[in-house]
Amino acid sequence: MERHIAKDPASPAPNADVAAEDVSQKAQKARLAKAWQAPKSWRYLSDVNNSVVGIWYIGTAFFFMLFGGALALIMRLQLAVPENDLVTAEMYSQLFTLHGTVMMFLFAVPIFEAVAILILPAMLGARDLPFPRLSAFGFWCFVIGGVFVSGSIFFNAAPDSGWFMYPPLSTEQGGIGTDIWLLGLSFIEVASIAAAVELIVGVLKCRAPGMHINLIPLYGWYVLVVGGMILFAFPPLIAGDFLFEMERAFDWPFFDVTRGGDPILWQHLFWIFGHPEVYIIFLPAIALLAMIIPTFAQRPIAGYSWIVLSALGTGFLSFGLWVHHMFTTGLPAISLGFFSAASEAVAIPTGIQIFVFIATVMLGQVVRSVPMLFCLGALATFIVGGLTGVMLAIAPFNFQVHDTHFVVAHLHYTLIGGMLFPVMGGVWYFFPFATGRKLSYRLGLWSFWLSFIGFNSAFLPMHLTGLLGMPRRVFTYGADRGWEWLNLASTIGAFVFAAGFLVFVWDCVRSMTHGAASGRNPWNAGTLEWLTPLPGPDYGLRAVPQVESRYPLWDDKTLAARTDRGEGYLPDAPEGRRETLITTVLDAEPLYVLRVKGPSWIPAITAIGLGGVFIFVTFEWYWLTFASGLFFFAALMVWIWTGTAEIPEKPTKDIGDGRQMPLYSSGPTSPGWWAMFITMTGDLTAFLALIFGYFFFWTIHTDFPPPGVTGPGWVWPLAAAALSLTAWALTLAARWINARGNAFLARLLLGLAMLAAAAAAAALLGGPWLTGLDPTSHAYPAIVWALALWTALHLGVGIIMQAYCVARSVFGRMTPKHDADLWNTTLYWHFAAFGAIVTAAVIGGFPLLT
Amino acid sequence: MQFDAGHRQRAVLVGLGGVPAVVLSACNPVQSALHPAGADAAGVAQLFWVMAAGAVAIWIVVIGCAIYAVLGRRRPSNEKFADRFILVGGVAFPSVTLAFLLYFGLSLLPAWTETDSPDLRVHVTAEQFWWRIGYERPDGSRIESANEVHLPVGAVVEFVLTSPDVIHSFWIPALGGKMDAVPGRTNVLRLQPTRTGSFRGACTEFCGASHALMAFAVEIHEPEDFATWLEDEAAPAQADGAAFAKAGCSACHTIRGVSELGAVGPDLTHVASRQTLAAGTLENTPSAFRDWLVASDSIKPGSHMPNFAMLPPDEIGALVALLEGLR
């Protein structure tokens, strides 16, 4: 499959008659269909194409949502009457912990990725995302991790410390559920980051020619912002998880106050993730409104730049608010004031987006429809959440209602109004795109009104319940406190809400096979995803059009007909390969043709290997963990070796319109390089979170390092820094020499670089080892070890990449002209060397200053 | 401290006071943030009503605009209008409103500094799942009690909050905001009761299985009544501690004047005079004492209090009699 060589491309004669043109059209379509055909029967599960994986992803996310909703209904039954004993206190703790965890990590974030994977390529005029196997890998990680975390409750082993897992309750008293939470979610975070990398590169590099950066559909802008936020928000949590699990498994006391740790550090790391997380959930849903509203107003959005700027502003500000989750931990007034103000400020860009939507509707010719009803319901609900958010940002008010049912009401208003209702509207809107069928109008009205009324009856009373003093996360309450009617109302509302959602699910399931055929572009929308006939063929677009406006279908009425005739780029697949265009970041000038990979089991197999590592380590089965790790590594190597940086059979090909485009690219023009750059940015963020941990400990201790501890000294860290720098320079030199044709010398330099890197890792670990730092004795040695270990692991990965380049060069898969592997390795080493130098400076240099 | 601002806000509220008054009169005030009995709670409650009224108004206007946009017959058609609409609704109005809100809201932040000395200092240690309360005497020594907070009206009271196990949060809604009790840290919270009465406080940071059962009674006295109460609380008990020692209670509990060995569990010197047992979980009655002794684990899951169901009935009876006498 990988080495499938082309037959002669069919080239229509310039003056062919209509019949001949029809024949050639048919032949082109047949070749496209063959290249993009989804595998049949059980092999269907090996597919990687975005339109298939996207559907699986959405279905799975909704499945977890139903599960999380069922947990919530049990909780509401327990609270329906005072002093109820439907579930035990222990089970109630598991219920609310898992409810929050499932809804946040297994529904809210994945549904964004799922929807984006499905619709983004068509919207941008691409045939697929740049790394379809990575999407599939992310999906399988999500499935395995999600089942592992959710299933724990059936064994009475679910996490039970609340979804933000505050130590010391979780570290010192949590059972296996805590480890399931930590490791299961770390695994799922890998999937999220994989999807973020995929989507960012997709928006930046896979747009149709001519789609300048100011012509990108708004959804694409939101994906870009949210992808970037994931890169800066998830890594601190991964770093936190790393510290947390080191404490759980090896007793390194990061959060243990008796040995110099501090539970507040976890709160910082968690909420540096947790607050942007809210906007990571909210913005993609708003992005759906930004697509739906112009369509049903039948006019362009009234304020494209307003939306783009405020999406960027929201993303930026959301990183400066995390402390408002910690107002009652005992902070100085200056912090309270600053974070109050920052939290209020984020209301402004959010408000702008709402007013842009309203203005668009005012200026347009409104078509009343179920998606618009969901948009309006979303607005009405979300604004309540936003207004209570403005109240909560005022620290003195926050002191009163923090951790009460008022906050429960607030967060559900923001999440249901800011995420669930828009997503339901989005499913309604994009259902024809995905299936070629429409949902039922009647059931749509039922599902909306039941959900909307049920939701408000459940959560509006909770504001008052909280103000009357009911804390959150209580499994019972006395009959004498005046909360019973409010709670009963909430429970009844919750069941009405659930009924509405079930109507929606039923409608979706039924309409997949029984819905009315939608026909082409059923909403008369203006953006590219509605260009194809529906249900769409596996290959998506018949040809990739040249884009000249934000709403090409409105501005160019002949576009559909011309595209159907195969006018545009890549109208054919003469080599039988799946291909999509890579364009420049700003102007979307075509750069080269990316051959994306077709169906394969390797993503699922790799995900199983990685899943094994996380699951086995939870149960402390270290031999199995090790075996699974080897399996994962082998699978990954097979994947990368056979599936990336393939040398094409010819240097260029005709993409149509007489333009010749290269079939290979390395360095900053290739999506692989961008993916590496983006991944390493996220990785660097995790590293900086660990550095933050080091200096956090410094700020809370009068003496840091603690008196009597000699530390790793400065000699070993300095040696490690010097050796890392050497390894980096040698790698860079190897790329330079290789590009000038001397492959042998390049291999030699890479070999030397590996030696230097190994010595650097040894020196880094040698420092704390030889000075006898005991990581279980105090938070100081623990954080020094954590930094040294983290950095040494990165050097280790760097060595593997250097070895990989040598092997590719020896086997002729990397040549002076085809050197993408070496470009990516060098890029990795920029980050690895920087990390090593910073680590050395912090653990070796900083103690000299204090 | 914010009474002046409060009066002005109250004047604003007269016009729209009807709804809250009706809602609140139907509510139980014992653990309510909207029935203030303290200076901070009063300021925040007023702030809440102002914000709530503003929020309702804003919601109506914005949703009104949205509905008009969908249903309205006569609609603007030029793009300039859109820009102005977004600028006013999305930028100008929120910026001004939020700036005012921040200014007034943050003025309610506690203004005290550590150098002002409070009228009374109370040490609160939050433990799974009860409250160790120590009233500080002028000489720095403490009067030990548990699960009940008694305060003199009008006094500035400083609570010094710590925890030996996990994070808890100390909250008396009627008096003011909450503050976390974090292991390894000492947090300080000042509150000022402004009227007498019986209230209830609770733990608001999830702290384990019985987080829901970690409450305490709050009594605000006239200053002279408080002084009497404190004198009584300071006095040792007089009782026969034989049953207490025999059952092993003394390993964890102290009854001052009778047995002063244990310090793990709540001080029981005047346990019979408290309003509740097991930190706000049971009414204080003889049968509740009995239930608690024989079924502590099912009444309060995860509690460190062992179950004494294995004791013969007469020993349980003797213990109940002893505890009942500790007034």
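Nothing here was measured: the structure is a model prediction, and the numbers come from that model.

**Comments concerning the overall build of chain B**
- The secondary structure content of chain B amounts to eight helices and twelve strands.
- Dimensions of chain B, computed from C-alpha atoms along their principal axes, come out at roughly 90 × 40 × 40 Å.
- Relative to its 327 residues, chain B shows a buried fraction of 40%.
- In chain B, the proportion of contacts linking residues at least 24 apart, taken out of those at least 6 apart, comes to 62%.

**Looking at the overall build of chain A**
- Helix and strand counts for chain A stand at 25 helices and four strands.
- Taken against the 2.2 N^0.38 rule, which gives 29 Å for 850 residues, the C-alpha radius of gyration of chain A at 28 Å falls within 12% of a compact globule.
- In chain A, buried positions account for 61% of the 850 residues.
- Excluding contacts between residues fewer than 6 apart, the proportion of contacts in chain A whose partners are at least 24 apart in sequence is 81%.

**A short note on the sheet that holds strand S3 (residues 142-146) of chain B**
Residue and element names in this part refer to chain B.
- Taking strand neighbours across the sheet as the criterion, the five strands line up as S3-S2-S1-S5-S8 in an open arrangement whose pairing is mixed. The sheet is open, and its two edges are formed by S3 and strand S8 (187-191), each paired on a single side. Strand-to-strand twist of the sheet, defined as the mean angle between neighbouring strand axes without regard to direction, takes the value 25°.
- As paired strands, strand S2 (residues 130-136) and S3 are joined by five bridges and run antiparallel to one another. Across the sheet, residue Ile 133 finds its bridge partner in S3, namely Ser 145.

**Quick word on helix H10 (residues 333-345) of chain A**
Residue and element names in this part refer to chain A.
- A rise of 1.5 Å per residue sets the reference length of H10, with its 13 residues, at 18 Å; its end C-alpha atoms lie 18 Å apart and thus fit the reference within 8%.
- Looking at H10, one finds that the buried residues are Leu 336, Phe 339, Ser 340, Ser 343 and Glu 344. The arc enclosing the buried residues of H10, seen along the axis, measures out at 140°, which places them on a common side.

**Some details on the interface of chain A and chain B**
- Contacts between chain A and chain B engage 67 residues on the former and 63 residues on the latter.
- When residues of the side of chain A that touches chain B are traced back to their parent elements, those giving at least two are helix H3 (89-124), helix H5 (169-173), helix H8 (263-297), H10, helix H11 (347-363), helix H12 (370-393) and helix H13 (395-401) of chain A.
- Ranked by residues supplied to the side of chain A that touches chain B, first place goes to H11(A) with twelve residues.
- Across the side of chain A that touches chain B, the residue classes break down as 44 nonpolar, 17 polar and six charged.

**Focus: the nonpolar core**
- Counting 387 residues, the largest nonpolar core has Cys141(A), Tyr222(A), Ala287(A), Ala290(A) and Ala760(A) as the members making the most contacts within it.
- In contact with Ala287(A), other than residues within four places in its own chain, are Leu218(A), Tyr219(A), Tyr222(A) and Val223(A).

**Section: the confidence of the model for chain B**
Residues and elements named next belong to chain B.
- For chain B, the mean per-residue pLDDT works out to 90, and 91% of the residues sit at or above 70.
- Confidence over residues 1-15 falls short of pLDDT 50; this stretch has 14 contacts with residues more than four positions distant or in other chains.
- The complex model carries a pTM of 0.94, and its ipTM stands at 0.94.

**Considering the sheet that holds strand S10 (residues 215-221) of chain B**
Residues and elements named next belong to chain B.
- The strand order across the open sheet built from five strands is S4-S10-S9-S6-S7, with neighbouring strands paired in mixed fashion. Each edge of the sheet is formed by a strand with only one pairing partner; in this case those strands are strand S4 (148-152) and strand S7 (179-181). Sheet twist, expressed as the average angle between the axes of neighbouring strands with direction ignored, equals 25°.
- Packing of helix H5 (residues 223-234) onto the sheet brings it into contact with S4 and S10, and relative to S4 it is tilted by some 135°.

**Examining helix H9 (residues 304-317) of chain A**
- The first and last C-alpha atoms of H9(A) sit 20 Å apart over 14 residues, in line with the 20 Å expected at 1.5 Å per residue.
- Where H9(A) is buried, its residues touch helix H7 (218-250), H8, H10 and H11 of chain A together with helix H4 (79-106) of chain B.

**Considering the packing of helix H23 (residues 743-770) of chain A against helix H25 (residues 820-849) of chain A**
All names here are of chain A.
- Where H23 contacts H25, the two axes come as close as 11 Å, and the packing angle between them is 20°. Looking at the two axes, H23 sits roughly parallel to H25. Crossing of H23 over H25 shows left-handed handedness. Facing Ala 760, Leu 764 and Gly 767 of H23, the residues of H25 in contact are Ala 836, Thr 839, Ile 843 and Gly 844.
- Per-class residue counts for the contact of H23 with H25 are four nonpolar, three polar and no charged.

**Concerning the pairing of strand S6 (residues 168-171) of chain B**
Residue and element names in this part refer to chain B.
- Judged by which residues are buried, S6 turns out to be covered on both faces: His 168 and Phe 170 on one side and Ser 169 and Trp 171 on the other are all buried.
- Bridging between S6 and strand S9 (residues 197-203) involves two bridges; their strand directions are antiparallel. The partner of Trp 171 across the bridge, within S9, is Ala 202.

**Section: the packing of helix H2 (residues 50-79) of chain A against helix H16 (residues 484-514) of chain A**
Residue and element names in this part refer to chain A.
- Axis separation between H2 and H16 bottoms out at 9 Å; the angle between their running directions is 155°. Relative to H16, H2 is oriented roughly antiparallel. Handedness of the H2/H16 crossing: left-handed. Every residue of H16 that contacts H2 at Gly 69, Ala 72, Leu 73, Arg 76, Leu 77 and Leu 79 is listed here: Asn 487, Ser 490, Thr 491, Ala 494, Phe 495, Ala 498 and Phe 501.
- Here the residues of the contact of H2 with H16 sort into eight nonpolar, four polar and one charged.

**So, the environment of Asn284(B)**
All names here are of chain B.
- Mapped onto the fold, Asn 284 is located in the loop between strand S12 (282-283) and helix H7 (286-299).
- As a C-alpha pair, Asn 284 and Arg 274 span ten residues in sequence and 7.0 Å in three-dimensional space.
- Asn 284 has contacts with Arg 274, Gln 275, Thr 276 and Leu 277, leaving out every residue within four places of it along the chain.

**Remarks on unusual backbone geometry**
All names here are of chain A.
- Here the residue pair Pro 167 and Pro 168 is connected by a cis peptide bond, since its omega of 0° sits within 30 degrees of zero.
- On the secondary structure map, Pro 168 appears in the loop between helix H4 (132-151) and H5.
- In the Ramachandran plot, Glu 83 falls in the positive-phi region, its phi being about 50° despite a non-glycine side chain.
- Here Glu 83 is to be found in the loop between H2 and H3.
- Residue classification places Glu 83 among the exposed residues on the basis of 9 C-beta atoms within 10 Å.
- Unlike most non-glycine residues, Gln 298 shows phi in positive territory, near 55°.
- Positionally, Gln 298 belongs in the loop between H8 and H9.
- We classify Gln 298 as partly exposed; it has 15 C-beta atoms within 10 Å.

**Digging into the environment of Val278(A)**
- Inspection of the secondary structure assignment puts Val278(A) in helix H8.
- Through-space distance from the C-alpha of Val278(A) to that of Arg76(A) is 24 Å; in sequence the pair is 202 residues apart.

**Thoughts on the pairing of S10(B)**
Residues and elements named next belong to chain B.
- Across five bridges, S4 lies against S10 in parallel orientation. Counterpart to His 150 in the pairing with S10 is Glu 219.
- As paired strands, S9 and S10 are joined by six bridges and run antiparallel to one another. The residue of S10 that forms the bridge with Arg 200 is Ala 217.

**Re the confidence of the model for chain A**
- On average, residues of chain A score 94 in pLDDT, and 98% of them reach the 70 mark or higher.
- Within the model, the stretch residues 1-14 of chain A combines pLDDT values under 50 with 19 contacts to residues more than four positions away or in other chains.

**A look at the environment of Pro76(B)**
- With respect to the secondary-structure elements, Pro76(B) resides in the loop between helix H3 (39-71) and H4.
- The class for Pro76(B) is partly exposed, based on 15 C-beta atoms found within 10 Å.
- With residues near it in sequence (within four places) discarded, Pro76(B) still touches Met362(A), Leu363(A) and Phe81(B).

Quick notes on the rules
- Residues numbered from 1 in each chain as written.
- Chains lettered and ligands numbered in written order.
- Predicted model: local features only at pLDDT ≥ 70, side-chain atom pairs only at ≥ 80, totals over all residues.
- Helix = DSSP H or I, 4+ residues; strand = E, 2+ residues; numbered from the N terminus.
- Buried ≥ 20, exposed ≤ 12 C-beta atoms within 10 Å, placed from the backbone.
- Contact = placed C-beta atoms within 7 Å.
- Rg over C-alpha atoms; globule rule 2.2 N^0.38 Å.
- Pairing = 2+ DSSP bridges.
- Axes fitted to C-alpha atoms, helices over the stretch in contact; angles between N-to-C directions.
- Expected span 1.5 Å × (residues − 1).
- Arc of directions from axis to C-beta.
- Nonpolar A, V, L, I, M, F, W, Y, C, P; charged D, E, K, R; others polar.
- Core = buried A, V, L, I, M, F, W, Y, C linked by C-beta atoms within 7 Å.
- pLDDT = per-residue confidence, 0-100.
- Parallel < 35°, antiparallel > 145°, perpendicular 65-115°, else oblique.
- Left-handed = near helix turned anticlockwise from the far one by under 90°.

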